[in-house]
Amino acid sequence: MPTCLAVRGLAIALVVMMTAAAGAGAAETPATVTTDRGCYLVGQAVRFQGSGFGPSRAYDVAVDGVDFGQAKTDSSGSLRAHIVPGGLPAGVPQSVDRLNVSDGTSEATATFTVTRTPGA
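Since the model is a prediction, treat every value here as computed from it, not as a measurement.

Under the criterion given, the structure shown has 1 aromatic pair. Between the aromatic rings of Y40 and F112, the centroid separation amounts to 5.8 Å while the plane-to-plane angle is 85 degrees, which identifies the pairing as edge-to-face. With Y40 in strand 2 (residues 39-41) and F112 in strand 8 (residues 107-115), this pair connects stretches of sequence that are 72 residues apart. Judged by relative accessible area, Y40 falls into the buried class, the value being 2%. A relative accessible area of 1% places F112 in the buried class.

Here we come to the side chain of S102. Tracing the sequence through the fold places S102 in strand 7 (residues 94-102). From its side chain, S102 meets the backbone nitrogen of G104 in a polar contact 3.1 Å long. Look past the residues within four positions of S102 in its chain and what remains in contact with it is F53, A58, Y59, D60 and E107.

Turning our attention to the sheet that holds strand 4 (residues 58-63). Spatially, 5 strands are ordered 2-8-7-4-5 in an open sheet, and the strand pairing comes out mixed. Here the strands that pair on one side only, and so sit at the sheet edges, are strand 2 and strand 5 (66-72). Across the sheet, the axes of successive neighbouring strands diverge by a mean angle of 30 degrees, strand direction being ignored.

Next up on the list: the nonpolar core. Counting residues in hydrophobic clusters, the biggest one holds 18 residues, and the most contacted among them are V33, F48, V61, I83, L99, V101 and F112. Contributing elements (two or more residues each) for this core: strand 3 (46-51), strand 4, strand 6 (79-83), strand 7 and strand 8. At 4 residues, the largest contribution of residues to this core is made by strand 8. Setting aside anything within four residues of it in sequence, one finds L99 in contact with V33, T35, F48, V61, A62, V63, I83, A108, T109, A110 and F112.

Conventions used here
- Residues numbered from 1 in each chain as written.
- Predicted model: local features only at pLDDT ≥ 70, side-chain atom pairs only at ≥ 80, totals over all residues.
- Heavy atoms only, no water.
- Phe/Tyr/Trp six-rings, centres within 6.5 Å; stacked < 30°, edge-to-face > 60°.
- Helix = DSSP H or I, 4+ residues; strand = E, 2+ residues; numbered from the N terminus.
- Buried < 20%, exposed > 50% of the residue type's maximum accessible area, 1.4 Å probe, protein only.
- Polar contact = N/O pair within 3.5 Å; in protein donor to acceptor, adjacent residues only side chain to side chain.
- Contact = heavy atoms within 4.5 Å.
- Pairing = 2+ DSSP bridges.
- Axes fitted to C-alpha atoms, helices over the stretch in contact; angles between N-to-C directions.
- Core = buried A, V, L, I, M, F, W, Y, C linked by side-chain atoms within 4.5 Å.

Scope: geometric values only; no functional claims are made or implied.
Here it is, written out as structure tokens:
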């Protein structure tokens with residue numbers, strides 16, 4: 001028959017294992033970024049929001065590898081901002097662009113389409 005000390009030690013070991021397993025299963029929420037729309041006319045502001053970044057951290061914004069500058073997340077690691085991407089080359093009616101936001105640790109991307117005014 002097990003002693004009280006052995007049962008207590010087993011109980012402590014079981015609690016430690018359950019706590020470790022629960023911590024391993026609780027993954028961090030990945031960073032996300034979304035735009036307010038999927039398609040924009042040339043010259044329109046692309047508004048975007050994100051979450052899951054480090055709190056009060058500087059983040060960098062790029063579109064297709066072109067840097068659009070930095071700003072800072074709020075105390076919960078969220079952000080709201082806008083950019084105005086460049087125009088389209090002659091003869092190109094639209095393009096799908098990739099927005100990238102990174103705080104140096106977390107990174108998220110979203111895509112959006114830029115198109116010309118009908119008839120332009």
